[in-house]
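Here are the chains, one letter per residue:
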Amino acid sequence: MALPSKVKIVEVGPRDGLQNEKQSVPTATKVELIRRLGDAGLKSIEATAFVSPRWVPQMADAADVMAKIEHREGIAYSVLVPNMKGFEAALAAGAKEIAVFGAASETFSQKNINCSIAESLERFRPVVAAAREADIKVRGYVSCVLGCPWEGEIKPTAVAEVAWALFDMGCHEVSLGDTIGSGTPDATKVMIEAVAKRMPLKKMAGHFHDTWGMAIANIYASLELGLSVFDASVGGLGGCPYAAGASGNVATEDVVWLLRGLGIETGIDLAKLADTAGWISQELGRETQSKVARALLAKKAASLAA
Ligand code: HMG
Ligand code: MG
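Each residue is numbered by its place in its chain's sequence as written, counting from 1. All chains are assigned letters beginning at A, and all ligands numbers beginning at 1, according to the order in which they are written. Where local features are concerned, this predicted model is filtered to residues with pLDDT of at least 70; where side-chain atom pairs are given and counted, the filter is 80 or more; whole-chain, interface and lining totals use all residues. Hydrogens and water molecules were not included; the side-chain quantities draw on all heavy atoms of the structure.

Here's the deal with the side chain of S109
Right, so step 1: Put simply, DSSP marks the helices as runs of H or I at least four residues long and the strands as runs of E at least two long, and each gets a number from the N terminus on. Tracing the sequence through the fold places S109 in helix α5 (residues 106-113).
Right, so step 2: Exposure classes here rest on a 1.4 Å probe applied to the protein chains alone. A residue is buried below 20% of its type maximum, exposed above 50%, and partly exposed in between. Relative accessible area serves as the criterion here: at 1%, S109 is assigned to the buried category.

Okay, here's the thing in structure tokens:
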């Protein structure tokens, strides 16, 4: 199959990237990160999560983040919502897009949202219905699509079942999360093909963590099957609080570089994005995880010094 000519990138850095950060990140830093990402050309930015602050303290300022960001025309600022309480708070904060998040692993579902897969779907159903009533788009996530930290292997048919349930209840897109980043290209293809038997491929997104260094290879494998939406995190920020050892999402700069090499347009300004990766990494006191950002920043420093 020909590779897609256009790809949408959903920037999840401000949420997935920061949720596991041990140090408290000031709201102003999150707001500035979101501004810079918009400047770099990102059109879909997952801004925060309306989850229990006891479970994920870093997202406790969700309403404040939503109040302080500049809501720019043409940019979708989505937020994570686990239940009706989260939905009501997101609605009050002016969210126009939300995402519910389930899993293909029973144990992960319990650890992450304190309920079984079946219970989670019943919990999401009224959220999706209320959101659609309020003209709010809902995305669905499935975690552990290529492995679970507790259960190990996850059957592609189990992933397909949850993905279909989310699509069937009204999610406009279902993001398939390799939460622990253990997937490889062939396994990725088998999983996507299984899900594509239950729901349209055009409504699926790939969400790859880079823990085992396979994220870019898995994205390429997904592109070969025609997937055209990918989640990524600036500077490769992140990890999951309920998946020990999970590293960040694939770095947005690395995905943009891959796509650029394939002649696939994203509308993203790579130089501005690399600067943003450098800036947020400095704010967090570490080096950026993105090899592309590191290369670009080193090249820029060398040319400034020359
Ligand atoms: P629970 O303890 O079962 O909830 O947690 P509960 O309904 O029994 O309520 C307990 C307390 O939480 C109550 O407060 C509620 O008011 C409060 P108390 O009366 O004890 O003071 N509460 C809330 N507060 C704020 N916002 C809410 C909310 N709901 C209840 N929405 C719950 C269940 C789902 C709330 C909890 O487990 C939770 O918040 N989990 C979120 C975990 C999370 O955010 N994980 C990371 C995101 S998922 C991810 O990273 C994967 C992804 O990136 C894809 C991939 O990589 O695979 C998406
Ligand atoms: Mg994730």
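Points about the nonpolar core
Inside soluble globular proteins, nonpolar side chains tend to come together where they are buried.
Right, so step 1: The set of buried Ala, Val, Leu, Ile, Met, Phe, Trp, Tyr and Cys residues whose side-chain atoms join them within 4.5 Å is what this entry labels a nonpolar core. Counting 98 residues, the largest nonpolar core has I98, V142, L166 and L176 as its most contacted members.
Right, so step 2: The criterion used for residue contact is that any of the two residues' heavy atoms lie within 4.5 Å. Leave out the neighbours within four places in its chain, and L176 touches V142, V145, V159, A163, M191, V195, M204, A205, G206 and H207.

Let's talk about the packing of helix α6 (residues 117-133) against helix α7 (residues 156-168)
Right, so step 1: The angle between two axes is taken between their N-to-C directions and runs from 0 to 180 degrees, where each axis is a line fitted to C-alpha atoms and a helix contributes only its stretch in contact. Their axes nearest at 10 Å, the elements α6 and α7 cross at an angle of 15 degrees. It follows that α6 is roughly parallel to α7 by the angle criterion. Here α6 and α7 pass one another in a crossing that is right-handed. Residues I117, L121 and F124 of α6 form the contact with α7, whose own contacting residues are V162, A165 and L166.
Right, so step 2: Asp, Glu, Lys and Arg are counted as charged, while Ala, Val, Leu, Ile, Met, Phe, Trp, Tyr, Cys and Pro are counted as nonpolar; the rest, among them Gly, fall into the polar class. Counted by class, the contact of α6 with α7 contains 6 nonpolar, no polar and no charged residues. For this classification, under 35 degrees means roughly parallel, over 145 means roughly antiparallel, 65 to 115 means roughly perpendicular, and everything else is oblique. A clockwise turn of the near helix away from the far one marks a right-handed crossing, whereas an anticlockwise turn of less than a right angle marks a left-handed crossing.

Quick notes on the sheet that holds strand β2 (residues 44-49)
Right, so step 1: Here a strand pair is declared whenever DSSP counts at least two bridges between the two strands. With respect to topology, 8 strands assemble into a closed barrel ordered β1-β2-β3-β4-β5-β6-β7-β8, the strand pairing being parallel. Averaged over all pairs of adjacent strands, the angle between strand axes in this sheet comes to 30 degrees, irrespective of strand direction.
Right, so step 2: For strand β5 (residues 137-143) and strand β6 (residues 173-178), the ladder comprises 4 bridges, and the chain directions are parallel. Considered in β6, the bridge of Y141 is made with S175.
Right, so step 3: Sheet contacts for helix α2 (residues 27-39): β1 (8-11), β2 and β3 (76-80); angle to β2, the most-contacted strand, approximately 170 degrees.

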